[in-house]
Amino acid sequence: MVRVGLTTERLVRAGAELADEVGFDEVTVSALARRFDVKVASLYSHVRNSQDLRTRIALLALEELADRASEALAGRAGKDALSALGNVYRDYAHEHPGRYAAAQLRLDTETAAASAGVRHAQMTRAILRGYDLAEPDRTHAVRLLGSVFHGYVSLELGGGFSHSAPDTDETWTRVLDALDALLRTWPAV
């Protein structure tokens with residue numbers, strides 16, 4: 001067998017590509033070994049097992065998403081920032097459905113704390129400063145935005161909106177408008 005220059009980074013990137021092609025749930029060390037035409041055992045010096053590979057793909061996806069969001073949010077505030085963040089998640093999910101699914105993987109506490117997931121929360125909280133929300137409402141709003149962004153994208157990718165008008169882009173714009181209006185008029189307790 002020819003040496004293919006395997007590294008952990010190369011395997012993780014190939015695993016991410018595989019996830020986009022066949023779905024994150026189908027990514028295993030065996031599937032990756034077939035992709036490189038090598039024996040499964042040759043991958044174990046780079047990844048411990050399929051769960052380790054999947055975790056590394058999740059970390060890559062979180063990093064890619066955070067980098068895109070950071071770039072999109074630069075210099076923006078209020079509704080413009082809110083829309084930019086939502087669009088980053090939606091666009092990434094359409095471009096990289098397997099990686100987007102990987103970004104939803106539940107990580108252990110230590111891994112999560114060291115991941116780019118922290119940057120996601122910080123960016124969302126930064127956007128919310130423009131809406132003048134105090135705690136605990138800011139945390140409620142972070143959860144709301146995450147739920148709406150992920151829920152909409154998941155339903156859209158799954159074909160849940162493909163059977164009726166209006167166009168999903170129009171609905172997405174209305175969803176962002178509604179979120180902005182809600183955040184500007186957040187109900188007092």
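See the structure above.
Residues numbered from 1 in each chain as written. Predicted model: local features only at pLDDT ≥ 70, side-chain atom pairs only at ≥ 80, totals over all residues. Heavy atoms only, no water.

A few points about the environment of valine 142
Right, on to step 1. Within the element layout of this structure, valine 142 appears in helix α8 (residues 137-157).
Right, on to step 2. Its relative accessible area of 19% is what places valine 142 among the buried residues.
Right, on to step 3. For the pair valine 142 and histidine 120, spaced 22 residues apart in the sequence, the C-alpha separation amounts to 10.0 Å.
Right, on to step 4. Other than its neighbours up to four places away in sequence, valine 142 contacts Thr124, Arg125 and Leu128. (Helix = DSSP H or I, 4+ residues; strand = E, 2+ residues; numbered from the N terminus. Buried < 20%, exposed > 50% of the residue type's maximum accessible area, 1.4 Å probe, protein only. Contact = heavy atoms within 4.5 Å.)

Quick look at the side chain of arginine 99
Right, on to step 1. Mapped onto the fold, arginine 99 is located in helix α5 (residues 97-103).
Right, on to step 2. Arginine 99 has contacts with Arg13, Ala16, Glu17, Ala19, Asp20, Leu60, Ala61, Glu64 and Tyr92, leaving out every residue within four places of it along the chain.

Side note on the pattern of salt bridges
Right, on to step 1. Per the counting criterion, the structure on display carries 17 salt bridges.
Right, on to step 2. Residue glutamate 64 is joined to arginine 99 by a salt bridge in which the shortest nitrogen-to-oxygen separation is 2.8 Å. Residue glutamate 64 is located in helix α3 (residues 50-73), and its partner arginine 99 is located in helix α5; the two are separated by 35 residues in the primary sequence.
Right, on to step 3. Overall, glutamate 64 belongs to the buried group, its relative accessible area being 18%.
Right, on to step 4. We classify arginine 99 as buried; its relative accessible area is 9%.
Right, on to step 5. For lysine 79, the salt bridge goes to aspartate 177, with nearest N and O atoms at 2.6 Å. Here aspartate 177 lies in helix α9 (residues 168-184) and lysine 79 lies in helix α4 (residues 78-95), a separation of 98 residues in the sequence.
Right, on to step 6. The class of aspartate 177 is partly exposed, set by a relative accessible area of 30%.
Right, on to step 7. Several salt bridges converge on common partners, so that one network encompasses Glu9, Arg13, Asp20, Glu64 and Arg99. (Salt bridge = Lys/Arg side-chain N within 4 Å of Asp/Glu carboxyl O.)

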